[in-house]
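# What the coordinates show
If you want the building blocks of each chain, they are given just below.
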Amino acid sequence: RRVHGDTLLGAAPNFRSRATAGCQRMVKVCVLGAAGYVGSAVARAFALSGYQVYGVCRSEEQTGALRRDEINAVVANLTEPESYKAVLAECAIIVHCAADFSNVQATDRIIVDTINEVCKEEPSKTVILMSGLWAYGAHDTVIDESCPDDAPPLVAWRAAHEESVLCNEYIRAAVVIRSGLVYGRSGSLFGKLILQALTTRKLRFPGDGSNYIATIHVDDLASAFVRTAEANLSGAYCFIVAGSNELASEVLRSIAKVTALKAGAIEYTEPGDEFANCLAMSQKADASRARLQLRWTPKHRSFCDDTARWFDALLAFREAGMLPGQGRT
């Protein structure tokens, strides 16, 4: 399988949904991390497209939101493969969006090994992994899937996990989606910056603001997962970004405006750890291949073009007690 260079090669895409074609039974999809920020959007997108979705989450408290989206909730411990192997085996499509931030590398290794083992026992599945553009490191020019990895230490371990799936001969189609930084709805990193501005009346960000950030709205990212599942691609990395690569300084100024910060409230700092180093990296990415081969098009405006709308949505999630850590199901 080709990993870099001419990726996304294989059979011509067939975009007739396998979930709704004719009178066939609904195709089963398992989404690992279905209660998370990205995973919940991905699970919902598959459900809205007519798939029978099984969403793996960590606790009973997280099942309510999944059930309201007509998703079959499966409570499992991701470090204990026996708690979710059966649902992986049952589904034709496996989507891995899970992240255990208490021990992300070790847990991800367990998840990937479990996926590979299940696919060996039950061949011919489609597997889609969630990843990010940080694997390519800092670049002054626009990057695409042909660029080699140059990952900083924070995410360097991911490549081995991803390639173990891409090279699994028992998997019918394997794709790694490497997305830009995600915004929209309950927020992710951009939401945390907004909340920082509201609570501290300041914005602190590593670097000097001159770096570019490749971004994508969470619902556009979710739709790309569905298009990928229906495209018959194999052994590939796929960029999912909006194309509106934005300067960090513009992102911060747009947040300062909607939160009514005073002049001088934006503070740039020296990166103090690996996460800060990644935030300060400059990346401009091109998703032309996804647009052409997946027939995928992002529908949302860029973060800076509609910050007031994202801000209002985040406040609504906070008022409803539905931000991460607020415990609402």
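Structure: above.
Residues numbered from 1 in each chain as written. Predicted model: local features only at pLDDT ≥ 70, side-chain atom pairs only at ≥ 80, totals over all residues. Heavy atoms only, no water.

## Concerning the overall build of the protein
Selection criterion: Segments assigned H or I by DSSP are reported as helices when at least four residues long, segments assigned E as strands when at least two residues long, and all are numbered from the N terminus. Here the radius of gyration uses the C-alpha set of atoms, whereas the globule reference equals 2.2 Å times the residue count to the power 0.38. Note on definitions: a residue-residue contact is assigned when non-hydrogen atoms from the two residues lie within 4.5 Å. In this count, Lys and Arg are taken as positive residues and Asp and Glu as negative ones, while His and the chain termini are left out. Charge placement uses NZ in Lys and CZ in Arg. For Asp and Glu, CG and CD serve respectively.
Secondary structure assignment for the protein yields 11 helices and 15 strands. By the compact-globule yardstick of 20 Å for 329 residues, the protein fits well, its C-alpha radius of gyration being 19 Å. Put simply, 78% of the contacts in the protein that link residues at least 6 apart link residues at least 24 apart. Taken together, the 35 basic and 37 acidic charged side chains of the protein have centroids lying 6 Å from each other.

## Concerning the sheet that holds strand β5 (residues 125–132)
Rule in force here: Here the rule is simple: two strands pair whenever DSSP picks up at least two bridges between them. With axes taken as lines fitted to C-alpha atoms, and helix axes fitted only over the stretch in contact, angles between N-to-C directions fall between 0 and 180 degrees.
As summarised here, the arrangement of the seven strands in space is β3-β2-β1-β4-β5-β7-β12, forming an open sheet in which the pairing is parallel. Where the open sheet ends on each side, the last strands, each with one partner, are β3 (72–75) and β12 (236–240). Adjacent strand axes in the sheet meet at a mean angle of 20° when their direction is disregarded. Pairing of strand β1 (residues 28–32) with strand β2 (residues 52–57), which is carried by five bridges, proceeds in the parallel orientation. Counterpart to V29 in the pairing with β2 is V53. Contacting β1, β2, β4 (93–96) and β5, helix α1 (residues 37–48) crosses the sheet at an angle of about 170° to β1. Seen against the sheet, helix α5 (residues 158–166) touches β5, β7 (171–179) and β12 and runs at an angle of roughly 150° to β7.

## Side note on the environment of N245
What counts is decided by this rule: Nitrogen and oxygen atoms within 3.5 Å of one another constitute a polar contact, given that in protein one can donate a hydrogen and the other can accept it, and given that sequence-neighbouring residues count only through two side-chain atoms.
Inspection of the secondary structure assignment puts N245 in the loop between β12 and β13 (246–247). Each C-alpha atom, one on N245 and one on I216, is 9.5 Å from the other, the two residues being 29 residues apart in sequence. Excluding anything up to four places from it in sequence, N245 contacts Y212, I213, A214, Q283, K284 and A285. Side-chain polar atoms of N245 contact the backbone nitrogen of A285, separated by 3.0 Å.

## Focus: the nonpolar core
Keep this limit in mind: Among buried residues, those of type Ala, Val, Leu, Ile, Met, Phe, Trp, Tyr and Cys that are joined through side-chain atoms within 4.5 Å constitute a nonpolar core. Any residue under 20% of the maximum accessible area for its type is buried, any over 50% is exposed, and the rest in between are partly exposed; the area is computed with a 1.4 Å probe on protein chains only.
If you look at the biggest cluster of nonpolar residues, it comprises 76 residues, and the most contacted ones within it are L32, F46, V95, F225 and I240. With near-sequence residues (within four places) excluded, F46 lies in contact with V29, Y51, V53, V95, F225, V226 and A229. Core analysis: the next-biggest nonpolar cluster, separate from the first, contains 27 residues, V155, L193, L252 and A265 among them.

## Structural notes on α1
Because an α-helix packs 3.6 residues into every turn, residues spaced three or four apart end up facing the same way. Worth spelling out the cut-off: Helix span is expected to be 1.5 Å times the residue number reduced by one.
The terminal C-alpha atoms of α1, which comprises 12 residues, lie 17 Å apart, in line with the 16 Å expected from a rise of 1.5 Å per residue. Here α1 lies mainly inside the structure; nine of its 12 residues are buried. Where α1 is concerned, the buried positions are Y37, V38, G39, A41, V42, A43, R44, A45 and F46. Within two residues after α1, G50 carries a phi angle of roughly 100°, on the positive side.

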